[in-house]
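Letter by letter, the chains look like this.
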Amino acid sequence: MMTDFSLFNGIWLNAFLINFVLIFFGQRLPFLTKKGWIHAGVLGTLLWGSVGWKAWISVCVYLLLGTLVTKIGYKNKASRGIAEARGGQRGPENVWGSASTGCSLALLSCFWPDHLTLFMVGFASSFTAKLSDTFSSEIGKRFGKKTFLITTLKSVAPGTEGAISIEGSVAGLLGSLIMTMVMINLSIISGRSVAFIVLLSGYLATFIESYIGAVAQNKINFMTNELVNSIQTSLAAIISIYLFLTFI
């Protein structure tokens, strides 16, 4: 049976009202731009309505942790011209660049509820990949002593597209681990084997994202950072679903 997406369906109406109220008060926090908060409200409604409050909470945790790590050493990064714009606040493009994959999987689960576990593995991996990437990028830019281009391993300046560092790579693994634990504790995924798949897929996708950045981002006009983020999260989901179907 197809899910009822009517505005007056109880679940979806509650999701809309809860997100409306939370965004109304939350927009005063310096996490998102004004438009970013509106789009976050749309995202939150879609997630809450389709897969429930736990998935919504997991994305809130991602947003909080991603914002906090962006703020680490922000003045130093800003002085070198490699800090995130707008003081680290995320706009609509950042919201959907990070969450379009996870949101799509959540909505697909409404039409094919028998495959909910599979969709949630991809969902968890997509946000694990994004937090891993954020940790890797922000810590690497601030504390990376030596930065290398992933394609050639030649030394490059911090903030270069496709650049990696030991410090950033370790931080990326930490980010992947933290987000995987969040997904486990919220019962979005369960089991050690599934957790390992989510952690591995998210972390691996971070290096794939760096590779894409090195070979394509500055050479293809439409290859924006947000598009690369969307590709990264999609690849993380695909890898995790493949591993899940193959080994679990």
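Everything numeric here is computed off the predicted structure, so don't read it as measured data.

Chemist: Sorry, what's going on with the layout of surface pockets here?
Modeler: Sizing a probe to match a water molecule and rolling it over the atoms shows the empty space that remains. Approximately 210 Å³ is the volume found for the second largest pocket. Lining the second largest pocket are 14 residues, with Leu-116, Met-120, Ser-187, Ile-188 and Ile-189 sitting closest to its centre. Elements that contribute at least two residues to the lining of the second largest pocket include exactly α3 (53-71) and α6 (116-143). Classifying every residue of the lining of the second largest pocket gives 10 nonpolar, three polar and one charged.

Chemist: Looking at this model, I keep getting lost on unusual backbone geometry. Mind explaining?
Modeler: As a rule of thumb, non-glycine residues mostly have phi less than zero, and peptide bonds are mostly trans rather than cis. Residue Arg-86 is not a glycine yet carries a positive backbone phi of 60°. With respect to the element layout, Arg-86 can be found in the loop between α4 (74-79) and α5 (92-111). For Leu-153, which is not glycine, the phi torsion reads 65° and is therefore positive. Tracing the backbone through its elements, the reader meets Leu-153 in the loop between β1 (148-149) and β2 (163-164). A residue is classified by how much of its surface remains accessible, and Leu-153, at 58% relative accessible area, is exposed.

Chemist: Looking at this model, I keep getting lost on empty space enclosed by the protein. Mind explaining?
Modeler: This structure, assessed with the given rule, holds one cavity of 30 Å³ or more. If you add up the space inside the largest cavity, you get close to 40 Å³. What lines the largest cavity is simply Ser-136, Ile-164, Gly-168, Ser-169, Tyr-203, Thr-206, Phe-207 and Ser-210. Mapped by element, the contributors of at least two residues to the lining of the largest cavity are α7 (166-185) and α8 (192-217). Per element, the largest residue contribution to the lining of the largest cavity is four residues, and it comes from α8.

Chemist: I tried to follow the packing of aromatic side chains on my own but got confused; where do I start?
Modeler: To describe a pair of aromatic rings, one takes the distance between the centres and the angle between the planes. For the structure shown, the criterion picks out seven aromatic pairs. Between Trp-48 and Trp-56, the aromatic rings sit 5.2 Å apart at their centres with planes inclined by 55°, giving tilted as the arrangement. One exposure class covers both Trp-48 and Trp-56, and it is buried. Among the aromatic residues, those joined into a cluster by ring pairs are Tyr-62, Phe-123 and Phe-127. One residue, Lys-71, lies across the ring of Tyr-74, its end atom 5.8 Å from the ring centre.

Chemist: Looking at this structure, how should I read helix α1 (residues 10-26)?
Modeler: Count 3.6 residues to each turn of an α-helix, and residues three or four apart come out pointing the same way. End to end, α1 covers 24 Å across 17 residues, agreeing with the expected 24 Å (1.5 Å per residue, within 8%). Along its buried surface, α1 packs onto α2 (34-51), α3 and α5.

Chemist: I would appreciate a short explanation of the packing of α8 against helix α9 (residues 225-247) in the present structure.
Modeler: The contact between α8 and α9 brings their axes to 8 Å, and the two run at 145°. The chirality of how α8 crosses α9 is right-handed. Between α8 and α9, the residues in contact are Val-194, Ile-197, Leu-200, Ser-201, Gly-202, Leu-204, Ala-205, Thr-206, Ile-208, Glu-209, Ile-212 and Gln-217 and Asn-225, Val-228, Asn-229, Ile-231, Gln-232, Leu-235, Ala-236, Ile-239, Ser-240, Leu-243 and Phe-244, respectively. Split by residue class, the contact of α8 with α9 holds 14 nonpolar, eight polar and one charged.

Chemist: What is the right way to look at the confidence of the model for the protein chain in this model?
Modeler: Close inspection of predicted coordinates is inappropriate for parts of the model with low pLDDT. Of all residues in the protein chain, 96% have pLDDT values of 70 or greater, and the mean over the chain is 93. The spread of mean pLDDT over the elements of the protein chain runs between α1, the lowest at 91, and α7, the highest at 98.

Chemist: Just checking my understanding: could you explain the pattern of salt bridges for this structure?
Modeler: Should their charged atoms come close, side chains of opposite charge can pair. Tallying each qualifying case throughout the model produces four salt bridges. Between Glu-93 and Arg-86 there is a salt bridge whose closest N-O contact spans 2.9 Å. Each of the salt bridges in this network shares a partner with another, and the network as a whole consists of Lys-77, Glu-138 and Lys-141.

Calculation notes
Residues numbered from 1 in each chain as written. Predicted model: local features only at pLDDT ≥ 70, side-chain atom pairs only at ≥ 80, totals over all residues. Heavy atoms only, no water. 1 Å grid on protein atoms, 1.4 Å probe; cavity = no way out; pocket = protein on both sides within 12 Å on 5 of 7 lines; lining within 4 Å. Points joined across faces, edges and corners; volume = space filled by probe spheres on them. Helix = DSSP H or I, 4+ residues; strand = E, 2+ residues; numbered from the N terminus. Nonpolar A, V, L, I, M, F, W, Y, C, P; charged D, E, K, R; others polar. Buried < 20%, exposed > 50% of the residue type's maximum accessible area, 1.4 Å probe, protein only. Phe/Tyr/Trp six-rings, centres within 6.5 Å; stacked < 30°, edge-to-face > 60°. Lys NZ or Arg CZ within 6 Å of the ring centre and 35° of its normal. Expected span 1.5 Å × (residues − 1). Contact = heavy atoms within 4.5 Å. Axes fitted to C-alpha atoms, helices over the stretch in contact; angles between N-to-C directions. Left-handed = near helix turned anticlockwise from the far one by under 90°. pLDDT = per-residue confidence, 0-100. Salt bridge = Lys/Arg side-chain N within 4 Å of Asp/Glu carboxyl O.

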